[in-house]
Amino acid sequence: MNEVLEKGLSFELTEDQKMIRDSIKEFVERNVAPTVMERDNSKEFPHEIVDQLGELGMLGIYHEEQYGGGGFDVVSFCLALEEIARWDASLALTVASHTSLGTGHIALAGSHEQKLQYMPDLTSGKKLAAWCLTEPGSGSDASGMKTTAIKKGDHYILNGSKIFITQGSVGDTYVVLAKTDPDKGTKGISAFIVEREWDGVKPGPGMHKLGMNSSDTTEVVFENVEVPAENLLGEEGQGFVDTMKVLDGGRVGIAALSVGIARGSLEESLKYSMERKQFGKAIGDFQYLEGKMVDMATEIDAARLLTLRAATLKDQGKPYTSEASMAKLFASELSVKAALEAIQIHGGYGYTKEYHVERFLRDAKLMTIGEGTSEVQRLIIARELKKSLV
C-alpha cells in the first residue's frame, strides 16, 4: 500500500478505458435496462444478452490476446462491470464469475496447451465457465472440502458435490477443486478442467434465492467422473494456493459490481427525489435527504477508488491481497447500505416492485457473502496488517 502511495496515483483514465466504459454503458442502457425487471421476475438466464457481451469482447476483456482475450487491463474490466451492475447485478455476476473465476483459473494455472484448447471458446463467449469450489459442508473453510480426485492410470476419478455454483447448469467448462491427497490438508488439493457433457457430471436445478434471480446458481454432483490426467490444472497439490490467487482477482470484480449497485441506488434516488413532491416542494430539496445522498455519493467515490487501486496493482503484477479485500469489504457493505437508503428515500414505493431499488437491496446482500464473507475479508486484512510489522 505504502509503495503505491509513495509513487502516486493517476486518476486519469486512458482513451481505451473511457471507450470500454462508454461502449458498455451504451449497450446496457439500450439492451439490458429496459427488460431487467422482467428477467428478475421470470428468473430466466439471459442467454442472448450474454452472447452479445461475448461478441463485444466483454467475457475475455483482460485475458491475453494469444488465447482469444481482448488484452485490455483489469481497470477496464472493473469500469465495465460497474456499468453492467448499475442496471443488472445478475448479469454482472455472470460476467464477473465467468471471467475472473472459471476462465481466470485456467489463465492463471493452465499450460499453454490447455489455454489454447479452452480459452478461445471461453473468452469469446461460445462457452461459459463455472468455478466449483464451495461444498455443502465447506464454505469459508475451503480446506474442509470432501470432493476427491483419485489417480487411476491415466485418469483421475472425481467424486463429490459442489453447491452455490454460478453458471452451474448453463456452464460448459468447469474448474473443479478436489482433494488428490486427503491426508495433506490444503497441500493435497488440486484443480481440474471438467466438461459438463462428461458422464457422471450432474448439474442440479436452479436454486431459489433472495436476489440475483437471473444469475444461474445450482448444485453440481460428480459421480465417478473420469478426468484425463492432462486436465489437471496446474501442479498436483497446488490447487489451494492457486485458488487463493483466483479469489483475490475475483474480489476486485465483486467490489466493482458492488459499486455499480450502490451507484444505481444513488441515481434512482436522486431522480425520484426530484420528481416526488411533498409539502409543496421536491423531497430532494429537503436538507435531510440531501445529506443522505451526499453521503452516498461520497462513499461510492471512495469505494470506486479502492476498487481501481486494487485493479491497478493487479495490472502491475504487484501484491494486492489486502487491497482487494479492503475494496471488496467496503464496497459490498456500502452496496447494502446504499440500497437501504434508496428504499427509505422512495418511501412506500421503494418497498414495491414498481421501482428498481428493492431489487438492488436483494442483489446487494450477496456481495457481502460471495467470494469470502465480510468477516473473512476482515481476517485477511488483519493478517496482512500483522505481516507489515515483521
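Residues numbered from 1 in each chain as written. Predicted model: local features only at pLDDT ≥ 70, side-chain atom pairs only at ≥ 80, totals over all residues. Heavy atoms only, no water.

## A word on the pattern of salt bridges
Evaluated as defined, the whole model comprises 27 salt bridges. Linking lysine 18 and glutamate 12 is a salt bridge whose minimum nitrogen-to-oxygen distance equals 3.3 Å. A salt bridge links glutamate 15 to lysine 18, with the nearest nitrogen and oxygen atoms 3.7 Å apart. Of the two residues, glutamate 15 and lysine 18 are both situated in helix H2 (residues 15-31); the distance of three residues between them amounts to about one turn of the helix. One salt-bridge network, held together by shared partners, links Glu82, Glu83, Arg86, Arg263, Glu267, Glu268, Lys271, Asp301 and Arg304. (Salt bridge = Lys/Arg side-chain N within 4 Å of Asp/Glu carboxyl O. Helix = DSSP H or I, 4+ residues; strand = E, 2+ residues; numbered from the N terminus.)

## Description of the packing of aromatic side chains
Overall, the coordinates contain six aromatic pairs when judged by the stated rule. Measuring from centroid to centroid gives 6.2 Å for tyrosine 174 and phenylalanine 222, while their planes differ by 85°, and the two rings are edge-to-face. Here phenylalanine 222 lies in strand E7 (residues 217-228) and tyrosine 174 lies in strand E4 (residues 173-179), a separation of 48 residues in the sequence. Overall, phenylalanine 222 belongs to the buried group, its relative accessible area being 1%. Here a set of aromatic residues connected by ring pairs shows up, and it is made of Tyr272, Tyr349 and Tyr355. The ring centre of tryptophan 87 lies 3.9 Å from the NZ or CZ of arginine 86, which sits over that ring. Positioned above the aromatic ring of phenylalanine 286 is the side chain of lysine 281, whose terminal nitrogen or guanidinium carbon lies 4.9 Å from the ring centre. (Phe/Tyr/Trp six-rings, centres within 6.5 Å; stacked < 30°, edge-to-face > 60°. Buried < 20%, exposed > 50% of the residue type's maximum accessible area, 1.4 Å probe, protein only. Lys NZ or Arg CZ within 6 Å of the ring centre and 35° of its normal.)

## With respect to the nonpolar core
Looking at soluble globular proteins, one finds that nonpolar side chains tend to be buried together. Ile24, Leu53, Met58, Ile84, Val95, Val252 and Leu257 are the most contacted members of the largest nonpolar core, which totals 53 residues. Three or more residues apiece are contributed to this core by two domains, here domain 1 (15-127) and domain 3 (240-388). Once residues within four sequence positions are removed from consideration, isoleucine 84 is found in contact with Ile24, Val28, Leu53, Met58, Leu91, Ala92 and Val95. Ranked by size, the runner-up nonpolar core spans 20 residues in total, among them Met119, Ala129, Leu133 and Val246. (Core = buried A, V, L, I, M, F, W, Y, C linked by side-chain atoms within 4.5 Å. Domains from an automatic or database assignment. Contact = heavy atoms within 4.5 Å.)

## Observations regarding the packing of helix H10 (residues 321-346) against helix H11 (residues 357-367)
Packing of H10 against H11 leaves a shortest axis separation of 9 Å and a crossing angle of 160°. The pairing of H10 with H11 is recorded here as roughly antiparallel in orientation. For the element pair H10 and H11, the recorded crossing hand is left-handed. The segment H10 lies against H11, with Lys328, Ser332, Ser335, Val336, Ala339, Leu340, Ala342, Ile343 and His346 engaging Val357, Glu358, Phe360, Leu361, Ala364, Lys365 and Met367. (Axes fitted to C-alpha atoms, helices over the stretch in contact; angles between N-to-C directions. Parallel < 35°, antiparallel > 145°, perpendicular 65-115°, else oblique. Left-handed = near helix turned anticlockwise from the far one by under 90°.)

## What about the UniProt feature "domain: Acyl-CoA oxidase/dehydrogenase middle" (unreviewed entry) in the protein chain?
Mapped onto this numbering, the UniProt entry gives "domain: Acyl-CoA oxidase/dehydrogenase middle" (unreviewed entry) at residues 131-225. Annotated as residues 131-225, this span is 0% helix and 47% strand, and its ends, taken at the C-alpha atoms, are 17 Å apart. (UniProt positions renumbered as here; feature names shortened; annotations may be inferred.)

## Details of the domain arrangement of the protein chain
Looking at the assigned domains, one finds that the protein chain contains domain 1 (15-127), domain 2 (130-237) and domain 3 (240-388). A straight line from the C-alpha centre of domain 1 to that of domain 2 covers 22 Å. Listed as interface residues are 25 residues of domain 1 and, on the opposing side, 22 residues of domain 2. Counting the surface lost from both domain 1 and domain 2, the interface buries some 2,000 Å², and carbon and sulfur atoms represent 60% of this. Across the domain 1-domain 2 interface, the total number found is zero salt bridges. For the pair domain 1 and domain 2, the number of links is nine residue pairs in polar contact (both at pLDDT 80 or more). Contributing elements (two or more residues each) for the side of domain 1 that touches domain 2: helix H3 (36-42), helix H6 (89-109) and helix H7 (112-124). In the side of domain 1 that touches domain 2, the residues fall into nine nonpolar, nine polar and seven charged. (Buried area = accessible area lost by both parts, 1.4 Å probe. Polar contact = N/O pair within 3.5 Å; in protein donor to acceptor, adjacent residues only side chain to side chain. Nonpolar A, V, L, I, M, F, W, Y, C, P; charged D, E, K, R; others polar.)

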